[in-house]
Amino acid sequence: MISVTGIKICGLTSEADAELVNEFDIDYAGVVMFFPKSRRNTDPDTAGRIVRTLRDSIIPVAVTVKPTHEEIEEAVRCGFKYIQVHGDVKKELIEGSPLPVIKAFNVDDLPMLGEYNTYSNIVGYVFDAADPGSGKTFDWDMLRGLDTGGRTVILAGGLNAENAAEAISRAAPDAVDVSSGTENDNGKGKSREKTAAFVSAVRSAEA
């Protein structure tokens, strides 16, 4: 059957990136915030402009590492609909977030999944390689049969147009998440050619 796997493009840094995402009618758009170590880190003013550029049908996601309550409130002001949380944070912060939470996992943290399944404000999980953000893949078969409490499963980690179909076939995620696999060769901004190839690969994949 034809896959209906969703697509999340992460690491948007400009309104031009947002326009590209609009062109391909992506499901989720991720913007890195409050993490200066990332070359994709985006200030709130720019993030707000990106969100306002996105079509209403696209869900904007603030991608954060151990955010504070104040940072989550800033993401709300920017217009984000979801917040993606990396790293260990207190249950009170996740449950008290005014935005629904996508909790990011690296595969070494899977034993914690049962604990997070008890949180009511988590709507989905991003599963990444042991070194998150490295652009490396992992054993996709690990995701089959995981009990995620019915939450959205998003597969990340080194995905590109060449391996997306295999990843979908093996992991059967609800959505796939790509960042570096759609970037220009210089690492700055999104490539229309790579984005088009990735979207085509995902939408033509058979799960």
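Our structure's up above, just so we're on the same page.
Calculation notes
Residues numbered from 1 in each chain as written. Predicted model: local features only at pLDDT ≥ 70, side-chain atom pairs only at ≥ 80, totals over all residues. Heavy atoms only, no water. Axes fitted to C-alpha atoms, helices over the stretch in contact; angles between N-to-C directions. Helix = DSSP H or I, 4+ residues; strand = E, 2+ residues; numbered from the N terminus. Parallel < 35°, antiparallel > 145°, perpendicular 65-115°, else oblique. Left-handed = near helix turned anticlockwise from the far one by under 90°. Contact = heavy atoms within 4.5 Å. Nonpolar A, V, L, I, M, F, W, Y, C, P; charged D, E, K, R; others polar. 1 Å grid on protein atoms, 1.4 Å probe; cavity = no way out; pocket = protein on both sides within 12 Å on 5 of 7 lines; lining within 4 Å. Points joined across faces, edges and corners; volume = space filled by probe spheres on them. Phe/Tyr/Trp six-rings, centres within 6.5 Å; stacked < 30°, edge-to-face > 60°. Buried < 20%, exposed > 50% of the residue type's maximum accessible area, 1.4 Å probe, protein only. Lys NZ or Arg CZ within 6 Å of the ring centre and 35° of its normal. Pairing = 2+ DSSP bridges. Right-handed = clockwise from strand over helix to strand, strands pointing away. Core = buried A, V, L, I, M, F, W, Y, C linked by side-chain atoms within 4.5 Å.

A. Looking closely at the packing of helix 1 (residues 15-23) against helix 2 (residues 44-53). Between helix 1 and helix 2, the least distance of the axes is 8 Å, while the angle of their chain directions is 25°. Accordingly, the angle class assigned to the pair helix 1 and helix 2 is roughly parallel. In this structure, the crossing between helix 1 and helix 2 has a hand that is right-handed. Between helix 1 and helix 2, the contacting residues are Glu-15, Ala-18, Glu-19 and Asn-22 on the first element and Arg-49, Ile-50 and Thr-53 on the second. Among the residues making up the contact of helix 1 with helix 2, the classes are represented as two nonpolar, two polar and three charged.

B. Seen up close, the layout of surface pockets. By volume, the second largest pocket is sized at about 150 Å³. Among the residues making up the lining of the second largest pocket, the classes are represented as five nonpolar, three polar and four charged.

C. Broad picture of the environment of Glu-166. One can find Glu-166 in helix 6 (residues 164-171). Considered as a pair, Glu-166 and Trp-140 are 26 residues apart in the sequence and their alpha carbons are 9.1 Å apart.

D. Quick look at the packing of aromatic side chains. One pass over the structure, following the stated rule, counts six aromatic pairs. The interplanar angle of 85° and the centroid separation of 5.4 Å between the aromatic rings of Phe-105 and Tyr-116 together place this pair among those described as edge-to-face. Placement of the pair is Phe-105 in strand 5 (residues 101-106) and Tyr-116 in helix 5 (residues 113-116), with a sequence separation of eleven residues. The buried category is assigned to Phe-105, whose relative accessible area is 3%. Across from the ring centre of Phe-105, 5.4 Å away, lies the NZ or CZ of Lys-103, which sits over that ring.

E. Representation of the pairing of strand 1 (residues 6-10). Of all five residues that make up strand 1, five are buried, and the element is covered over most of its length. Residues Gly-6, Lys-8 and Cys-10 of strand 1 are buried on one face, and the alternating residues Ile-7 and Ile-9, pointing to the opposite face, are buried as well. Direction of pairing for strand 1 relative to strand 2 (residues 28-32): parallel, over a ladder of three bridges. Bridge assignment links Ile-9 to a residue of strand 2, and that residue is Ala-29. In this region the chain leaves strand 1, passes through helix 1 and returns to the parallel neighbour strand 2; the handedness of that crossover is right-handed.

F. Geometry of the nonpolar core. Of all hydrophobic cores here, the largest spans 55 residues; its most connected members are Leu-12, Val-21, Phe-80, Phe-127, Phe-138, Leu-155 and Phe-198. When neighbours within four sequence positions are excluded, Val-21 is seen to be in contact with Ile-9, Leu-12, Ile-26, Ala-29, Leu-54 and Ile-58.

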